[in-house]
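# Structural description and commentary
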Amino acid sequence: MIESISLCRHRALSFLLLAAVVLTVQTSSAVPQAGKHRLTPKPKPVQTTNNPASTEPVRFADEKPFAEMVKEMETISGLFTFYRKGDENKYYLEILPEQLDKVFLFSGTVDQSVGEKGLYSSQMGGEFPFYFKLVGKQLQWRIKNSGFSAQDGTPSARATARSFSDGILASTKVISQLHPERKSILINLSELILFDLPYFAGTLKEVYKPSDYRFDRNSSTISQIKAFPENVLLDLNLHYISDNPKTGSLTLPDTRSIPIILKYDLSKIRESSYKPRAADDRVGHFLVVHNDFTSDRASTPHVRRINRWNLEKADPSAPLSAPKQPIVFWLENTIPLEYRDAMKEGALLWNDAFEKIGFKDAIVVKQQPDDATWDAADTRYNTIRWFVGVDAAFAIGPSRVNPFTGEIYDADIGFSEGIVRFARRQGEEFVTPLFPKAVLEPAQPPKLAWNRCDRNSCEIADGLEHQASLSVNLLEARGALTPQMEEKLVREFLISITAHEVGHTLGLRHNFRASTLLKPEQLNDTSITSGVGQSGSVMDYNAMVIAGENETQGHFMPVKLGPYDYWAVEYAYKTIEKDEPVELAKIASRAATPELAYSTDEDALGTFSPAAIDPLVNQWDHSSDPLRFFTERVRMVGELWKKMDTRLLKEGEGYQVLRRAVGRGLNEYARAFVTATKFIGGIYHYRDHYGDPNGRFPYIPVPAVKQKEALDFLQRTAFSEDSFALPASVHNKLAVDRLPGFDGYFGLINNPRVDFPWHDSVLNIQKSVLARLYQPLTLARILDNELRFENQSDSFQLADLFEGIDRTIWSELSNDSKEISSLRRNLQREHVKTLGRLALRTVGGVPEDATSLARSSLISIQEKATKALADEKISDRTSRAHLEETRERIESMLQARLAKNFE
C-alpha cells in the first residue's frame, strides 16, 4: 500500500465496505486452536414453513409456482443457479435450503472506470464474508461479522454471539413458491444486488467536488453471469448521474453521466488442508486478526494469523519437491510484449526462496492467450494486469484471503502504463515543480476508489518513476544514455517492481530497513549485488543506484532477492510437521542478524513524519550510511544542473527538459535533506525479543557524533546557497510546454507564474527541514535522549541544535559579508518565524527548555543584527532593510512573550 505526477489521491470507501475490510483484516481467523474452533461457520438448518414440524411449503402458497416463474428462461448453473430472460435482461437467483445461513465470500473488481483521479480499471475492490438469511418472506443478504469468537459450547460463546451483530446489505421478497423437490427459493437478483454497494456516489462527490453525483438505478443493469462449481461471476453496469456537474474531468465525454463496470465474484469457502500460522512481530507479513473471548486469562484477546498460500509438497519425503498446487500467475494479454519477459523474471525471483525450503517451482508464470475466454476478475485466476489512466503512475499488489484462516486464495497485481512512460521521461509536468510541498506528511497510498489500500497500499512504482527519471536525466547529461543502457534500466525497473508486488501477494509487508544491507561503495559492485543482493529485501522502496561519473554502472535496482526475503518466506511457508510454535520461534529469533534487518510502514511513517524516529528506516534511501549516500546524491544533482544546459537540449526541441531536470533535482534534495533530519533526536528501534541471540534493546539513541554529522550535512547542503546555484542563463530556459495537452494548458490560464518560482521552491524545501528539526516531537526526543546515555556528556543536546543552526543560517553576521543574498534572506526570515513560534509557544507540546533556547537565539540574532547595522559592514540597501526588519520583528516577539508571561 512516493509522490509523482499521479493524482490518484482520492479515496472514499463505503462505510459498508470499510466495515467489511476491517472485519476481514482485523478479525479474520476463527481458528485459534485446532479442534476447538470451526474453520468455517457451520450451516444452520433452514425452516421452510411457519410450523417447524411441517414439511409442506405453505409459507409461499400465495406466490406463483416455481416452474411458472422460470418458464422459458435460460438456466445458468454453477455454485448458484440463475435464470435469465434475455429480452428483458432479467435475472432470477435460486437458493437451496443448504445454502441459507451458509457463509460465502464476496470479491469485487472494478473492470472499467473513469481513467483518472483514482478511478481506474482492473483494480481489486472490496471483499467480505456473507450469507443469505430467510426472514418470513424476505431474503436478506448479510455481511458476516467474523471478528469475534469463543470456543463452541462455552458460556463465552453464548455471550460473544449476543454481543456482536452482523450487517444487512440488502433484502428482497421471495417471488415464488418453494421448488417442489429441491425446496429452494427464488428471488429477483436485480432487486437484491443492483444498488450502490461500493458507494461510488460518495467517491464521485469527493473526487469531483462540488458536483453531486447519485446512483442511477434505472440505467444500471446486470449484463452477464458466468457460473462455475466453486464460484459465480456477475457483471454489473452501474450508472451515476449529476444534474449540475462541475467536474473538471479530463476523461468523461459527458460529465452528467459516469458509467462504471464492476465484477462481483461470489465463491464458496474452499475446503483445504490449510493450517493457520501464528504471526510474529519480528518478521513482516500481512495478518488476519480477531478477538477470541474463550478465556480472560490470556494477556490479549487478539489472535493473529499471517496471510499465506496453502503450499504442500507433492512428495513430502523429498528434500526438493514440486508443490501439489503451485501459485500460478497469468500475465494479462494487455501487457505490452516488450515488458512481459522482465515481469515474468521478477515474479519468478521468488522461486529461489521457495527452493531453499524445499519447494521446486512454487511459482509458475503463464501468458494469457489473446483469445482467452476466462476473466481476470475470476478468483480462480491470479493475474498481473495492465491498465491506463491519464494521471496514473503506480503499481499495486493486493490479494484476497479466507477471513477465517488467513489462507490467500486470489491475487491480481495492477501495473499502470504511466510507470514506464514517466520513467522514460515522456510525461509532461505541471507548472509547479516536482518536489514534495508537504514533506512532513506521511506518504499516502494511491486513493483507488473501492480498493483495499489500507492493507495493500504500495507506492513503489509511483516513487520509482522519479528515481528512474532522475537517473535517465543524469545519464543523458553524461552522454551515457545509450539504447542498451536505457533498456537495462527499464528492464531492471520492471523486474524490481514486479518482484515487490508479487512479494505482497505472497503475504509479505514492506521492509523499509532492508536498504541498509551494503556500504555505499558496494552498491555498484556486481560481484556483491549478484550474490547477496543489492538490498536486504525487494520489499523496500530501494532508491535507484546511479554510479559515479567515472565508475562502471552496476545494477540500477535489485535483480535478485535479499537475505530478508528468504527469511520471511521461510517463516511463512516452511513445512513444519510438529512443534510449530517452537520452530517458528527459532526462525524469528534470528531477528538480530544484520542482513535480516526489518522495519515496516508504521516504523517509517512515510519517512517524513516527525513521529518516525529511526533514521535507518526510510523510503528511497540506500546503504548502511544514508548520510554518505545522500551526500553523493546531492553532488549528482549539482552535476546534472551543471551539464544539462549543453547535454539535454536537442536542436529543434523545446526547453521543457531543463524544467523537468531542475524539478527532479529539487525533489531529490527534499528527500535527502528531510531524511537527514531524522538522525537529530533519532532513536534506532529494533523488534528483537528478550533472549534472542545477539538481541538488542528496543531503543538505542543515535550517537551524538552521528547527530552532529547530520547537522553538518544540512549546514553544507540544505542551508547553503551553493546547493541552489543555477546560472542566469538556465533560469531563463526553464520553460513550460506552450502546446495544450489532453488537460489543456496545465493551468497556465489561471496561474500567474509561468516562469519557474525559484525562491518559493527553495524556501519550501528549507521550511520543511526547519519544521522537522524544530517540531515539538523532535525537540522532546532530543531532550529525552539525554537520559538514554550512560554519560550525558556524550549526548546531543538541545543547545547543540539551536547553536548549530543559528551559526549556519546567520553566518553573514559573523564574517565580513557585505550583503545577504535573496535566498539567504528568505531562509533567515523563516528561521526567525520558527523561533518566534517556539518562544511564544503558539504550538503545543514544546519543551520548556526549547522555549528558553528559542528566546536566547532570538536575543542573540537581534544583538548581532544591531551590531552589523552599526558597523556598516553590510552596505547593501536591501540587506540592511532586512536586518532592520529582523531586529524590529524580534523585539515585537520578545515584548509579546513578556506580556504573555504576565497574563
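Going by the structure above, here's the rest.
Since this is a predicted model, take the numbers as computed values, not measurements. Note that residues are indexed from 1 along each chain, following the sequence as it is written. Per-residue local features are limited, in this predicted model, to residues with pLDDT of at least 70; the limit for side-chain atom pairs, both in listing and counting, is 80 or more; totals at the level of whole chains, interfaces and linings are taken over all residues. Water and hydrogen atoms were dropped before computing side-chain values, which therefore reflect all heavy atoms in the structure.

## Things to note about the side chain of E668
Tracing the chain through its elements places E668 in helix α17 (residues 656–677). Each residue is placed in one exposure class: buried if its accessible area under a 1.4 Å probe, protein chains only, is under 20% of its type's maximum, exposed if it is over 50%, and partly exposed if it falls in between. The class of E668 is buried, set by a relative accessible area of 1%. Polar contact is defined as a pair of N or O atoms within 3.5 Å, subject to the rule that within protein one atom must be able to donate a hydrogen and the other to accept it, and that residues adjacent in sequence are counted only when both atoms are side-chain atoms. Within the local environment of E668, its side chain forms a polar contact with the side chain of H466, the two groups lying 3.0 Å apart. It only takes one pair of heavy atoms within 4.5 Å for two residues to be counted as in contact. Setting aside chain neighbours within four positions, we find E668 in contact with H466, Q467, L470, F630, R633 and V637. Working definition: helices are DSSP H or I runs of at least four residues, strands are E runs of at least two. Numbering for both runs from the N terminus.

## Some points on the sheet that holds strand β1 (residues 74–76)
Two strands pair under a simple rule: DSSP has to find at least two bridges between them. Strand order in the open sheet formed by four strands is β1-β2-β3-β9, and the pairing between neighbours is antiparallel. Two strands close off the open sheet at either side, each with one partner strand: β1 and β9 (185–188). The sheet shows a mean angle of 25 degrees between the axes of neighbouring strands, direction not considered. Pairing of β1 with strand β2 (residues 81–85) involves three bridges; the strand directions are antiparallel. Of the residues in β2, the one forming a bridge with I76 is F82. Between the N-to-C directions of two axes lies an angle of 0 to 180 degrees, each axis being a line fitted to C-alpha atoms and, for a helix, fitted only over the stretch in contact.

## Some words on the environment of D371
Checked against the element boundaries, D371 lands in the loop between β17 (363–367) and β18 (382–387). Residue class for D371 comes out exposed when judged on its relative accessible area of 65%. The spatial distance from the C-alpha of D371 to the C-alpha of N333 is 9.0 Å, given a sequence separation of 38 residues.

## A word on the nonpolar core
Residues W641, M644, F673, L714 and W758 are the most contacted members of the largest nonpolar core, which totals 85 residues. Per-element accounting of this core gives the leading share, 11 residues, to α17. Not counting residues within four places of it along the chain, the set of residues in contact with W641 comprises A661, V662, G665, L666, Y669, S723, F724, L726 and W758. Think of a nonpolar core as a cluster: buried Ala, Val, Leu, Ile, Met, Phe, Trp, Tyr and Cys residues, connected wherever their side-chain atoms sit within 4.5 Å. If you look at the next biggest cluster of nonpolar residues, it comprises 76 residues, including V490, L508, M557 and Y598.

## Re the sheet that holds strand β15 (residues 302–306)
Pairing is mixed in the open sheet, where three strands are placed in the order β7-β14-β15. Of all strands in the sheet, those with a lone pairing partner are β7 (148–149) and β15, marking the two edges. Where β7 meets strand β14 (residues 287–292), two bridges bridge the pair, whose relative direction is parallel. If you follow S149 over to β14, its bridge partner there is D292.

## Comments concerning the side chain of D196
One can find D196 in the loop between α4 (189–193) and α5 (200–207). As used throughout, the charge tally considers Lys and Arg to be positive and Asp and Glu to be negative, leaving His and the chain termini uncounted. One side-chain nitrogen of Lys or Arg within 4 Å of one carboxyl oxygen of Asp or Glu is enough to make a salt bridge. It is K205 that comes nearest to the buried, bridge-free D196 among opposite-charge side chains, at 8.2 Å. Within the local environment of D196, its side chain forms a polar contact with the backbone nitrogen of A201, the two atoms lying 3.1 Å apart. Each residue touching D196, except ones within four places of it in the same chain, is listed here: A201, F215 and Y240.

## Regarding the packing of aromatic side chains
Pairs of aromatic rings are described using the distance from one ring centre to the other and the angle between the two planes. Ring pairs are drawn from Phe, Tyr and Trp, using the six-membered ring of Trp, whenever the two centres fall within 6.5 Å, and their geometry is named by plane angle: stacked under 30 degrees, edge-to-face over 60, tilted for the rest. This model, assessed by the stated rule, comprises 36 aromatic pairs. When the centroid spacing of 5.1 Å and the interplanar angle of 65 degrees are considered together, the rings of F354 and Y573 count as edge-to-face. Of this pair, F354 sits in helix α7 (residues 350–356) while Y573 sits in helix α13 (residues 563–573), and the two are 219 residues apart along the sequence. A relative accessible area of 0% places F354 in the buried class.

## A short note on the pattern of salt bridges
All told, the structure shown has 47 salt bridges when counted by the stated rule. Between E602 and R687 there is a salt bridge, with the nearest N and O atoms lying 3.7 Å from each other. Taken together, the residues span a long stretch of sequence, with E602 in helix α15 (residues 601–604) and R687 in the loop between β22 (683–685) and β23 (699–701) at a distance of 85 residues. Owing to a relative accessible area of 43%, E602 belongs among the partly exposed residues under this scheme. Owing to a relative accessible area of 15%, R687 belongs among the buried residues under this scheme. The salt bridge involving E830 is made with R837; its shortest N-O contact spans 3.5 Å. Under the relative-accessibility criterion, R837 is labelled partly exposed at 36%. Among the ionic contacts, a cluster of salt bridges with common partners joins R478, E549, E632, R635, E639 and K643.

## Overview of the packing of helix α16 (residues 626–647) against α17
Axes are the key here: two packed helices are described by the angle between their axes and the distance separating the axes. Packing of α16 against α17 brings their axes to within 10 Å, and their N-to-C directions diverge by 165 degrees. Classified by the angle their axes make, α16 and α17 are roughly antiparallel. The two elements α16 and α17 meet at a crossing, and its hand is left-handed. Packed against α16, whose contacting residues are L627, F630, R633, V634, V637, G638, L640, W641, M644 and D645, the element α17 presents L658, A661, V662, G665, L666, E668, Y669, R671, A672, F673, T675 and A676 at the interface. Considered class by class, the residues forming the contact of α16 with α17 number 15 nonpolar, three polar and four charged. If an angle is under 35 degrees, it is roughly parallel; if it is over 145, roughly antiparallel; if it lies from 65 to 115, roughly perpendicular; otherwise it is oblique. Handedness of a crossing is defined here by the sense of rotation of the near helix relative to the far one, left-handed for an anticlockwise turn of less than a right angle and right-handed for a clockwise turn. Under the scheme applied, nonpolar residues are Ala, Val, Leu, Ile, Met, Phe, Trp, Tyr, Cys and Pro; charged residues are Asp, Glu, Lys and Arg; polar residues are all the others, including Gly.

## As for helix α20 (residues 758–773)
A helix is expected to reach a length of 1.5 Å times the quantity of its residues less one. Between its first and last C-alpha, α20 extends 23 Å over 16 residues, near the 22 Å set by a 1.5 Å rise per residue. Every buried residue of α20 is accounted for by W758, S761, V762, L763, I765, Q766, S768, V769, L770, R772 and L773.

Functional significance is not addressed by these values, which are geometric in nature.
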